[in-house]
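A structural walkthrough
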Amino acid sequence: MSKRLNRRDFLKVTALAAGAATATRIAGQAAAEEGAGAGRGPQQWAMVIDQSKCIDCGYCTLACQAHNDINPDIQWTRVDPAGQVDGKDVYLPRPCMHCTKAPCVDVCPVNASYYRADGIVMMDYDRCIGCRYCEVACPYQARSFNWKAFDGPNPAVPDWGQPEVPRRPRGVVEKCSFCYQRIDRGLVSGLQPGMDADASPACVAVCPTGARIFGDLNDPASNVSKALKSHVTYRLRESLGTEPRVYYIPADAQAMEG
Amino acid sequence: MSSKLRIRLPAPRISPWFAWLAVLGMVLLAALYAGAQVFMNGLWVTNLTDLVPWGFWITLDLSSIALSAGAFTLCAAVYLIGLKRYQPVARTATFVGLIGYTMAMLALLLDIGRPDRFWHALVYWNSHSLLWEVTMCVMLYLTVLVFESLPIFANFGWLRQRLPRLANAMSKTHHYAPYLAIAGLAFSMLHQSSLGAVYGVIKARPFWYKPEMAVLFMASAIVGGISLTLFVSMVAARLTPKAKINDALMERVAYFVAWALVGYLYFRAWDVLAQHYTYEPGRTEGLELLTSGPLSFNFWVLEILLGAIVPMVLLLTPYTRKHPFWRTVALGLVVVGVITYRWDTNLSGLLVVISYLPGPAAIKYTSYVPSLIEVISGIGIIAYGLLAFSLGVRYLRVVDHRLTVEETKTVEVKSGQTIPA
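Keep in mind that this is a model prediction, so the values were computed, not measured.

Calculation rules
- Residues numbered from 1 in each chain as written.
- Chains lettered and ligands numbered in written order.
- Predicted model: local features only at pLDDT ≥ 70, side-chain atom pairs only at ≥ 80, totals over all residues.
- Helix = DSSP H or I, 4+ residues; strand = E, 2+ residues; numbered from the N terminus.
- Rg over C-alpha atoms; globule rule 2.2 N^0.38 Å.
- Buried ≥ 20, exposed ≤ 12 C-beta atoms within 10 Å, placed from the backbone.
- Expected span 1.5 Å × (residues − 1).
- Contact = placed C-beta atoms within 7 Å.
- Nonpolar A, V, L, I, M, F, W, Y, C, P; charged D, E, K, R; others polar.
- Core = buried A, V, L, I, M, F, W, Y, C linked by C-beta atoms within 7 Å.
- Pairing = 2+ DSSP bridges.
- Axes fitted to C-alpha atoms, helices over the stretch in contact; angles between N-to-C directions.
- Parallel < 35°, antiparallel > 145°, perpendicular 65-115°, else oblique.
- Left-handed = near helix turned anticlockwise from the far one by under 90°.
- pLDDT = per-residue confidence, 0-100.

Notes on the overall build of chain B
A count of helical and extended segments in chain B gives 16 helices and two strands. The C-alpha radius of gyration computed for chain B amounts to 24 Å, which stays within 12% of the reference 22 Å derived for 421 residues, consistent with globular compactness. For chain B, the C-alpha atoms occupy an extent of roughly 90 × 80 × 50 Å along the three principal directions. When the 421 residues of chain B are sorted by exposure, 48% land in the buried category.

Rendered as structure tokens:
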């Protein structure tokens with residue numbers, strides 16, 4: 001492997017360092033309470049989504065709803081039509097961006113949104129007061145409010161998986177967590193998130209075309225590091241400076257089926 | 001039915017006071033029912049959505065706080081600047097402020113998804129969140145208002161008779177008025193501006209993302225808050241002999257409101273004008289909603305023409321300013337203008353949905369009309385405010401410009417000397 005520091009690496013390292021520095025400052029008490037800000041931990045989880053491979057089957061949304069026991073009215077990850085390339089339909093799956101400089105973390109009046117040391121933007125559902133300021137602030141519409149209590153069976157269970165986290169009560173905001181529970185349990189069992197399906201987010205594990213790639217930005221051998229090195233990628237609404245941890249490989253007509 | 005049995009009922013004499021209480025009581029009952037629906041079923045009974053998560057209640061909340069700004073402004077004028085003769089007006093403003101902030105609290109309790117956790121902001125601090133700062137300042141300022149209002153509650157006849165010593169002690173907090181005014185000024189300036197900044201720091205919504213938000217919210221709160229205090233005082237004085245106003249005092253404060261409106265309108269005009277130049281995705285669309293879209297009647301007619309220009313002219317013209325009717329109309333219009341500004345600001349930012357898809361920003365629009373339950377429960381909060389004020393006028397003499405503070409002064413008197421009056 002080349003030792004040369006290319007521009008992407010440089011930007012990544014700079015972004016991470018800047019993210020760490022900023023998060024340390026911004027997270028304030030959150031950092032003090034959680035022990036670390038975004039970008040501090042040994043692993044930095046990220047997702048790369050290859051738009052050439054997404055066929056809008058919606059499996060990711062369903063698996064997510066089963067594994068995270070989500071109200072059918074809510075989608076943590078959804079698939080949007082995103083125009084055409086050479087007459088072929090292109091889609092854009094949208095989970096939470098897990099921004100390194102997350103507006104939701106900044107605005108939350110009670111620190112219910114916070115950074116984990118591994119970069120995941122987490123929700124503390126026991127702390128959330130349901131003011132919905134984070135929904136107003138999120139540039140990606142990645143947050144959903146529990147307008148209604150979710151009682152009764154989850155239509156996505158058991159076909160798309162079994163619930164792994166407690167159901168959220170009425171009146172709190174929720175969002176994609178990169179399936180932190182699968183990552184944490186997987187790491188304990190010696191699995192590698194991004195490589196082993198059981199330790200990867202449910203959407204990554206279920207995707208039939210392999211459009212979603214997950215892994216550690218700090219590990220040069222991880223799937224995401226390799227994908228970022230070998231492809232031109234972009235992130236959503238980059239001009240806002242939120243530094244998302246979800247990267248997209250734009251659709252390439254030649255790489256697409258049919 | 002035979003009409004042999006005739007019962008002669010004495011002609012019921014319903015006093016206007018009783019009728020007023022009955023109307024408010026009915027509105028409050030309906031609102032209690034609506035509020036119970038919200039608490040039992042959750043917020044899906046509203047028309048709020050994930051795209052428009054803030055609506056009617058947040059406007060009520062923001063307006064209640066803005067229109068309470070007369071309290072800190074007039075208390076600062078009286079106790080810090082030393083304009084002592086306005087003390088009776090500041091007294092009314094303090095009571096109006098206390099009502100306004102409790103109204104805001106009620107609206108917030110309805111609006112947040114977990115009202116049982118309202119205290120979380122006091123325990124789990126996020127000092128980077130403007131909403132946290134607003135919550136803390138509002139709580140602290142409400143405490144200040146309670147202390148500032150103690151001398152007013154000491155006027156309650158029942159209390160004076162039954163617990164004269166407590167009433168006396170409550171009266172004495174008045175001696176701390178200057179210190180309370182300093183605290184009130186600090187907390188109010190912080191959160192009145194921060195409420196604008198709550199919107200002003202949201203980079204994802206370019207229509208709001210500007211530093212003027214804080215300044216405009218502050219300026220409009222001062223104008224609107226003083227106007228509401230004068231307006232309710234004048235209306236009360238017209239309706240009941242329990243309220244006594246000094247019309248010359250009202251006129252002077254109204255004259256200040258007129259010039260404050262000039263200043264506010266200047267800032268507001270440049271705020272709107274400057275945004276017209278160059279296209280900025282999201283911002284331009286928000287402005288279009290306001291100036292030529294569904295909110296344009298609100299903006300041009302209610303906020304700018306009736307809410308600012310007409311009252312400014314009415315209050316700057318000596319004839320209409322001195323005329324109690326026109327002065328009351330003008331002050332009421334200012335209040336309408338401030339409420340409209342809050343409503344429009346919230347909606348023009350939320351109704352524009354900026355796509356996160358790559359490429360040139362695609363703009364879509366959403367819509368919001370409050371549900372009946374939102375409106376009824378909101379009107380109930382207003383009814384609570386009116387009830388509290390009416391009781392205050394009747395039993396605490398909150399609008400009584402003949403009342404002056406007992407200014408005790410120790411004078412050394414030699415034997416045989418006469419004390420000058």
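Now, onward.
Side note on the overall build of chain A
For chain A, the helix and strand inventory stands at eight helices and nine strands. Out of the 258 residues in chain A, the part that is buried amounts to 51%.

Focus: helix α16 (residues 372-396) of chain B
All names here are of chain B. The terminal C-alpha atoms of α16 lie 35 Å apart, and with 25 residues this matches the ideal 36 Å at 1.5 Å per residue to within 8%. All of the buried residues along α16 are Ile373, Glu374, Ser377, Gly378, Gly380, Ile381, Gly385, Phe389, Ser390, Gly392, Val393 and Leu396. On its buried side, α16 packs onto α1 (16-41), α2 (56-66), α4 (87-111), α6 (130-153) and α10 (212-239). Trailing α16 by a residue or two, Arg397 shows a phi angle of about 50°, which is positive.

Some points on unusual backbone geometry
The linkage connecting Val157 of chain A with the following residue, Pro158 of chain A, adopts the cis geometry, with an omega of 5°. Relative to the assigned elements, Pro158 of chain A resides in the loop between β6 (144-145) and β7 (173-174). Positive phi values are uncommon outside glycine, yet Thr278 of chain B reaches one of about 65°. Mapping Thr278 of chain B onto the fold places it in the loop between α11 (247-275) and α12 (283-291).

Regarding the environment of Leu80 of chain B
Within the fold, Leu80 of chain B resides in helix α3 (residues 70-81). Beyond its immediate chain neighbours, meaning those up to four positions away, Leu80 of chain B contacts Pro178, Ala181, Ile182 and Leu185 of chain B.

Some thoughts on the interface of chain A and chain B
Contacts between the two partners involve 42 residues from chain A, matched on the other side by 28 residues from chain B. In terms of residue count, helix α5 (residues 133-137) of chain A provides more of the side of chain A that touches chain B than any other element does, four residues in total. Here the residues of the side of chain A that touches chain B are counted per class, giving 25 nonpolar, eight polar and nine charged.

Details of the nonpolar core
Residues and elements named next belong to chain B. Judged by nonpolar contacts, the single largest core of 196 residues is most densely connected at Leu74, Val223 and Val257. With 17 residues, the single largest contributor to this core is α10. With residues up to four places along the chain from it excluded, the contact list for Val257 reads Val223, Ile226, Ser227, Leu315, Leu331 and Val334.

Topic: the pairing of strand β9 (residues 246-249) of chain A
All names here are of chain A. With burial as the criterion, each face of β9 is covered, one bearing Val246 and Tyr248 and the other bearing Tyr247 and Ile249. With four bridges joining them, strand β1 (residues 45-50) and β9 adopt parallel strand pairing. Bridge pairing in β9 links Met47 to Val246.

Points about the sheet that holds strand β8 (residues 212-216) of chain A
All names here are of chain A. A sheet is described by the order of its strands in space; here three strands give the open sequence β8-β1-β9, paired in mixed fashion. Each edge of the open sheet is held by one strand with a lone partner, namely β8 and β9. Geometrically, the sheet is characterised by an average inter-axis angle of 20° between neighbouring strands, direction not taken into account. Relative to β8, β1 runs antiparallel, the two being bridged by five bridges. What sits directly across from Met47, in β8, is Phe214. Of the strands in this sheet, β1, β8 and β9 touch helix α8 (residues 223-230), which is tilted by about 115° from β8.

Focus on the pairing of strand β2 (residues 78-85) of chain A
All names here are of chain A. Across six bridges, the pairing between β2 and strand β3 (residues 88-94) is antiparallel. Paired with Pro81 across the bridge in β3 is Tyr91. As consecutive antiparallel partners, β2 and β3 are separated by two residues, and within that stretch Asp86 has a phi angle of approximately 50°, a positive value.

Some thoughts on the packing of α3 of chain B against helix α9 (residues 177-200) of chain B
Residue and element names in this part refer to chain B. α9 packs onto α3 with a crossing angle of 140° between their chain directions and a minimal axis gap of 9 Å. Between α3 and α9, the interaxial angle falls into the category oblique. The hand of the α3/α9 crossing is left-handed. Taking contact as the criterion, the partners of Ala71, Phe72, Cys75, Ala76, Tyr79 and Leu80 in α3 are, on α9, Ala177, Pro178, Ala181, Ile182, Gly184, Leu185 and Ser188. Tallied by class, residues from the contact of α3 with α9 come to 11 nonpolar, two polar and no charged.

Describing the environment of Ile202 of chain B
Structurally, the position occupied by Ile202 of chain B is in the loop between α9 and α10. On the neighbour-count criterion, Ile202 of chain B (23 C-beta atoms within 10 Å) is buried. Expressed as a C-alpha distance, the spacing of Ile202 of chain B and Gly349 of chain B, which sit 147 residues apart in the sequence, is 9.8 Å. Sequence-distant contacts of Ile202 of chain B, defined by excluding residues within four places in its chain, comprise Val136 and Ala137 of chain A together with Trp208 and Tyr209 of chain B.

Notes on the packing of α3 of chain B against α4 of chain B
All names here are of chain B. Relative to each other, α3 and α4 sit at 155°, their axes nearing to 8 Å. Here α4 runs roughly antiparallel to α3, going by the angle between their axes. Like other packed secondary-structure pairs, α3 and α4 cross with a definite hand, here left-handed. Between α3 and α4, the residues in contact are Gly70, Ala71, Leu74, Cys75 and Val78 and Gln87, Val89, Ala90, Ala93, Thr94, Val96 and Gly97, respectively. For the contact of α3 with α4, the per-class residue count stands at eight nonpolar, four polar and no charged.

Here we look at the confidence of the model for chain B
The predicted structure's coordinates, where accompanied by low pLDDT, should not be read in detail. Residue-level pLDDT values for chain B average 92, and 95% of them are 70 or greater. Here the complex is predicted with pTM 0.88, and the ipTM for its interfaces comes to 0.89.

Overview of the confidence of the model for chain A
Of all residues in chain A, 84% have pLDDT values of 70 or greater, and the mean over the chain is 89. For residues 26-36 of chain A, every residue scores under 50 in pLDDT, and the model assigns this stretch 25 contacts once sequence neighbours within four places are set aside.

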